[in-house]
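Chain by chain, the residues:
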2 protein chains.
Amino acid sequence: MNIKYMKEALKMAQKGFNKDEVPVGCVIVKDEKIIARATNLKEEKKSSIFHAEINCLIKAAKVIGDWRLDGCDIYVTLEPCIMCVGAMINYRISNIYFGAYDFKGGALSSNIKILDTKGLNHYPNFQGGIMEKECSQILKDYFKNKREK
Amino acid sequence: MNIKYMKEALKMAQKGFNKDEVPVGCVIVKDEKIIARATNLKEEKKSSIFHAEINCLIKAAKVIGDWRLDGCDIYVTLEPCIMCVGAMINYRISNIYFGAYDFKGGALSSNIKILDTKGLNHYPNFQGGIMEKECSQILKDYFKNKREK
């Protein structure tokens, strides 16, 4: 884990904020190099699949040229949902690092612990709470703005 | 549930078979009309996200023009994985109908029962085992061919 990558993910969350998307950002790292960056684009694309993590995984697979992302780590500012954890398993992500906990939709350690399931094809390691305050603050700011509008 | 839609999903599975993809097919139905059809394209796209269900959900959202697919039913020949069930929740799919059970990766009733989780944003109904024999047979044929090659 290197906190500098979460700082880069947070920049992608800010990009989402500026586009009026729920501000979640993500980067994927292989061999100490960022190979993909993405923000949430659900509103822009009018499609529920396009979470920051999914956009980033699609980009990374294009870079690697394989459906397996062996040795790749993902840094995301918010605890991933069921869909995104499932995608990370399918892509064989090595390590998942997330910022803020999502007590409602989080699928690693909050609402559901997907990786406690037996018999999965792959088990990424994960660690949460990295730059939690900053990752959480940008979401709070976004929803505060929304309510005031 | 109308079995004619599973027959259409099975045609999409055959399309996958012909492309040397794991043969899973899917259709999405709204108001008794098929609005999207898709097959698995994981190998062609070299990317783990592109399961039949995800390809079909992306197409359906383009047709509807919204990230919510309220009132839409999905017919898929194989029990969906964690990622795909998560996506169906995110898109607010009304009913999930699947053919063959996936005892290893199935996330509705086989390996993990995602919809038993409390506090989800949405709970689709689901029913499995529709045209189970046919949906299962095409997968068996595919893997038999693979082993023989």
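Our subject is the structure that appears above.
Model, not experiment: these values are computed from the prediction.

The rules we used
Residues numbered from 1 in each chain as written. Chains lettered and ligands numbered in written order. Predicted model: local features only at pLDDT ≥ 70, side-chain atom pairs only at ≥ 80, totals over all residues. Heavy atoms only, no water. Helix = DSSP H or I, 4+ residues; strand = E, 2+ residues; numbered from the N terminus. Rg over C-alpha atoms; globule rule 2.2 N^0.38 Å. Buried < 20%, exposed > 50% of the residue type's maximum accessible area, 1.4 Å probe, protein only. Contact = heavy atoms within 4.5 Å. Areas by Shrake-Rupley, 256 points an atom, 1.4 Å probe, with all protein chains shown as cover. Lys, Arg positive; Asp, Glu negative; His and termini not counted. Charge placed at Lys NZ, Arg CZ, Asp CG, Glu CD. Expected span 1.5 Å × (residues − 1). Buried area = accessible area lost by both parts, 1.4 Å probe. Salt bridge = Lys/Arg side-chain N within 4 Å of Asp/Glu carboxyl O. Polar contact = N/O pair within 3.5 Å; in protein donor to acceptor, adjacent residues only side chain to side chain.

Trainee: Would you explain the overall build of chain A in this entry?
Mentor: If you tally the helices and strands in chain A, you get five helices and five strands. The linear arrangement of helices and strands in chain A, starting from the amino end, is α-β-β-α-α-β-α-β-β-α. Relative to the compact-globule value of 15 Å for 149 residues, chain A shows a C-alpha radius of gyration of 14 Å, a close match. A burial count over chain A gives 58% of its 149 residues as buried. Sequence separation of 24 or more characterises 59% of the internal contacts of chain A that already satisfy a separation of 6 or more. Carbon and sulfur atoms make up 48% of the accessible area of chain A, which totals about 6,800 Å². Separation between the mean location of the 24 positive side-chain charges and that of the 18 negative ones in chain A comes to 3 Å.

Trainee: What's the story with helix H5 (residues 132–148) of chain A in this structure? I'm lost.
Mentor: Three or four residues apart is the spacing at which side chains of an α-helix point the same way, because the helix has 3.6 residues per turn. Here H5 of chain A spans 24 Å end to end across 17 residues, near enough to the 24 Å set by a 1.5 Å rise per residue. Elements that come into contact with the buried residues of H5 of chain A comprise helix H1 (3–18), strand E3 (72–78) and strand E4 (95–100) of chain A.

Trainee: What should I look at first to understand the environment of Gly 129 of chain A in this one?
Mentor: All names here are of chain A. Mapping Gly 129 onto the fold places it in the loop between strand E5 (125–127) and H5. Gly 129 sits 68 residues away from Ala 61 along the chain, and the two C-alpha atoms are 26 Å apart. For Gly 129, the residues in contact, after removing those within four places along its chain, are Phe 98, Gly 99 and Tyr 101.

Trainee: In this structure, what is going on with the environment of Ala 9 of chain B? I would like to understand it.
Mentor: All names here are of chain B. If you trace the backbone, Ala 9 turns up in helix H1 (residues 3–18). Counting along the chain gives 66 residues from Ala 9 to Tyr 75, while the straight-line C-alpha distance between them is 6.4 Å. Sequence-distant contacts of Ala 9, defined by excluding residues within four places in its chain, comprise Gly 25, Cys 26, Val 27, Tyr 75 and Thr 77.

Trainee: It is not clear to me how the interface of chain B and chain A should be interpreted in this structure. Could you clarify?
Mentor: One frequent convention defines the size of an interface as the accessible area lost when the parts assemble. Counting from both sides, the interface comprises 31 residues of chain B and, opposite them, 31 residues of chain A. Among the residues of chain B in contact with chain A, Ser 48, Trp 67 and Ile 82 of chain B are the three that bury the most area, contributing 22% of the side total. On the surface where chain B and chain A come into contact, there are zero salt bridges. Taken together, the connections running from chain B to chain A amount to 16 residue pairs in polar contact (both at pLDDT 80 or more). With six residues, helix H4 (residues 82–90) of chain B is the largest single contributor of residues to the side of chain B that touches chain A.

Any functional reading would require information that these geometric values do not contain.
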